[in-house]
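Structure assessment
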Amino acid sequence: MRLLPLLPLVAALALSPAGPHSGSARAQDGAEAQVLTAPGLALPGSFTGTIPMASGPGAEWHLDLWPDQVFHLRQDYPDQSAADIGRWHADPARRAIVLRGGREAPVFLEVRGNGDLRLMTPGGESIESDLPYTLAAGPLDPAAVSLPMTGMFRYMADAATFSVCLTGRSYPVAMEGAYIEAERAYLAIEDRDPGEAVLAVLEGTLAMRPAMEGPDRTHLVIDRFSRFAPGDTCDRARADAALTDTYWRLLEIGGDEIAPMEGSREPYLILHSPDGDTTSAFNATVGCNMMRGGYERGAGDALSFGQAAMTMMACPPPLDTSERALTEALGQVARLQITATTLELFDETGTRVLMAEAVYLP
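Residues numbered from 1 in each chain as written. Predicted model: local features only at pLDDT ≥ 70, side-chain atom pairs only at ≥ 80, totals over all residues. Heavy atoms only, no water.

Some points on the overall build of the protein chain
Each helix and strand counted, the protein chain has 5 helices and 24 strands in total. Looking at the protein chain as a whole, 47% of its 362 residues are labelled buried. The long-range fraction of contacts in the protein chain, counting pairs at least 24 apart against all pairs at least 6 apart in sequence, stands at 51%. Of the roughly 18000 Å² that the protein chain leaves accessible, carbon and sulfur atoms contribute 53%. (Helix = DSSP H or I, 4+ residues; strand = E, 2+ residues; numbered from the N terminus. Buried < 20%, exposed > 50% of the residue type's maximum accessible area, 1.4 Å probe, protein only. Contact = heavy atoms within 4.5 Å. Areas by Shrake-Rupley, 256 points an atom, 1.4 Å probe, with all protein chains shown as cover.)

This is the structure we're talking about:
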């Protein structure tokens, strides 16, 4: 990598040999002294400021950067908060850093001469404006970030750890929130070796908690546990599956697990991409009748399903019950969430009514 001009040799040394799995508890929580990194930033550090919005008050940004090229970002809007985690890298040609996390588009930030950061356009161009698009540099003061995550969950000797797929960072799991649900599900996994790491899908918060010994450190607090995916790895889970034109194998309907019956089709859901001016269509089945109808994708994570036509075969139990449950669940859907290869559909109250996993067919 070509370094920015006029930086001392220590800047080049600061990026080696750190990698996605390096860093002690001290490095992760910022207890170590700052070092000057190759982009000209004193890290670890926190960068904060109010970023203007097209309308209304600005958004409060809190960006935490570590020398091993991990970042955490929290954005507080007037009516909601958002978060992202991932890895950053230097872009010497732009005198910038680039954040790549769980979102589709990267974030470009220009490195100013005083060590502050200034937001750039989504294409990596400077924003020509007198408005304050700057994040002021300061000592590391980690913000709590809450978001959907996938990672490798390991339980041994009455303690659990979670290694985040997007960053490779490993954290102790706090025994609060939905921890006990995750522990019980882990212990119920069949043919699991003691202490084996298993891919988990969950919603969690990375926040400071007291450590077993020494200073406080970042823990994972499980806010909502979704599922384990034995046999899957982070390599497959790093990118979110697409909502449309993906074969979604149904796992749960209305809180009840669902599995294929011998001699029946596998339960699945497919949302087809819009074709010209035609209505967006979906196909679904629990293994008996075939269902086809329309769906509407709204702003953000909004999703709703319309009335569906269905073949009229008589379904034996328990397929008849599952079929009624699927029809009811689809009629209740208000929003979606995709975490890696897991699709979750929720009603207006935030209750999960359907869960599925992406299956990539040859």
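Read on, since the account is not over.
Some details on the confidence of the model for the protein chain
With 89% of its residues at a pLDDT of 70 or more, the protein chain shows a mean pLDDT of 87. Within the model, pLDDT remains below 50 along residues 1–27, and this stretch shows 42 contacts once partners closer than five positions in the same chain are excluded. (pLDDT = per-residue confidence, 0-100.)

A closer look at the environment of Y179
Mapped onto the fold, Y179 is located in helix α3 (residues 179–187). Overall, the relative accessible area of 4% leaves Y179 in the buried class. Contacts of Y179, omitting those with residues within four sequence positions, involve Y155, A160, V173, A174 and I222. Side-chain polar atoms of Y179 contact the side chain of E183, separated by 2.8 Å. (Polar contact = N/O pair within 3.5 Å; in protein donor to acceptor, adjacent residues only side chain to side chain.)

Regarding the pattern of salt bridges
In the structure shown here, the tally under the stated rule is 12 salt bridges. Among the ionic pairs, R169 bridges to D68, the shortest N-O distance being 3.1 Å. In this pair, R169 is assigned in the loop between β12 (159–164) and β13 (170–172) and D68 in the loop between β4 (59–65) and β5 (70–76), connecting sequence segments 101 residues apart. Across the pair R249 and E266 runs a salt bridge whose closest N-O atoms are separated by 2.7 Å. One end of the pair, R249, is in strand β16 (residues 247–253); the other, E266, is in the loop between β17 (256–257) and β18 (268–271), with 17 residues separating them in the sequence. The exposure class assigned to R249 is partly exposed, which follows from its relative accessible area of 25%. On the basis of relative accessibility, which here comes to 26%, the residue E266 falls in the partly exposed class. Salt bridges here are not isolated pairs; linked through shared partners, they connect E203, R224, E252, E344 and R352. (Salt bridge = Lys/Arg side-chain N within 4 Å of Asp/Glu carboxyl O.)

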